[in-house]
Amino acid sequence: MENSINKVVLTGYAGADVELKQLSGNLKLARVNLAVNEYYKNAIGEDVKKTQWVSLVFWNAKAELAAKIKKGSKVTIEGRLQTNSFEGKDGVRRYTTEIVVNDVSVKEEEIVN
């Protein structure tokens, strides 16, 4: 069987300050949503901006680095896709897809408000 590659590289802007949590067993978890913009011209030649919101997850040492991310910071990440499922309060199975970050670069001087 062939090996697969699960790799994502994105550059975008943090939608909020990072949420950092200390978990049991000395684990750290950080989360933030990243706005990734795409620009194109539509069928009648108008400029269009489309924003995709992507959930990022950082663990342990990466979570500590991610804690410095502030709303509007320009962030470049490299990571892997991960899909989780859970049962909602209404009993319906739901799915979330997020990126588990392996590498992060933050340009704080380019913060956009």
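Predicted, not measured: the structure shown is a model, and the values here were computed from it. (Residues numbered from 1 in each chain as written. Predicted model: local features only at pLDDT ≥ 70, side-chain atom pairs only at ≥ 80, totals over all residues. Heavy atoms only, no water.)

**Things to note about the pattern of salt bridges**
Now for step 1: The tally for this structure, following the rule as stated, stands at six salt bridges.
Now for step 2: As a salt-bridge pair, Glu64 and Lys28 come within 2.5 Å of each other at their nearest N and O atoms. On the criterion of sequence distance, the pair formed by Glu64 in helix H1 (residues 61-66) and Lys28 in strand E3 (residues 28-41) is long-range, its members being 36 residues apart. (Salt bridge = Lys/Arg side-chain N within 4 Å of Asp/Glu carboxyl O. Helix = DSSP H or I, 4+ residues; strand = E, 2+ residues; numbered from the N terminus.)

**Description of the pairing of E3**
Now for step 1: In the sheet, strand E1 (residues 8-14) pairs with E3 via two bridges, with the strands oriented antiparallel. Bridged to Ala14 within E3 is Leu34.
Now for step 2: Direction of pairing for strand E2 (residues 19-22) relative to E3: antiparallel, over a ladder of four bridges. Bridge pairing in E3 links Glu19 to Arg31.
Now for step 3: Pairing of E3 with strand E4 (residues 47-59) involves 13 bridges; the strand directions are antiparallel. Opposite Val36, over in E4, you have Gln52 as the bridge partner.
Now for step 4: Taken together, E3 and the strand that follows it, E4, pair antiparallel across an intervening segment of five residues, in which Gly45 is found at a positive phi of about 85 degrees. (Pairing = 2+ DSSP bridges.)

**Overview of the pairing of E4**
Now for step 1: Pairing between E4 and strand E6 (residues 93-107): two bridges, direction parallel. For Leu56, the partnering residue across the bridge sits in E6 and is Ile99.

**Details of the nonpolar core**
Now for step 1: Of all hydrophobic cores here, the largest spans 19 residues; its most connected members are Leu10, Leu56, Phe58, Ile69, Ile77, Ile99 and Val104.
Now for step 2: Counting only elements with at least two residues in this core, the list comes to E1, E3, E4, H1, strand E5 (74-87) and E6.
Now for step 3: The leading source of residues in this core is E3, at four residues.
Now for step 4: Contacts of Phe58, omitting those with residues within four sequence positions, involve Lys28, Leu29, Ala30, Val32, Ala63, Ala66, Ile69, Val101 and Val104. (Core = buried A, V, L, I, M, F, W, Y, C linked by side-chain atoms within 4.5 Å. Buried < 20%, exposed > 50% of the residue type's maximum accessible area, 1.4 Å probe, protein only. Contact = heavy atoms within 4.5 Å.)

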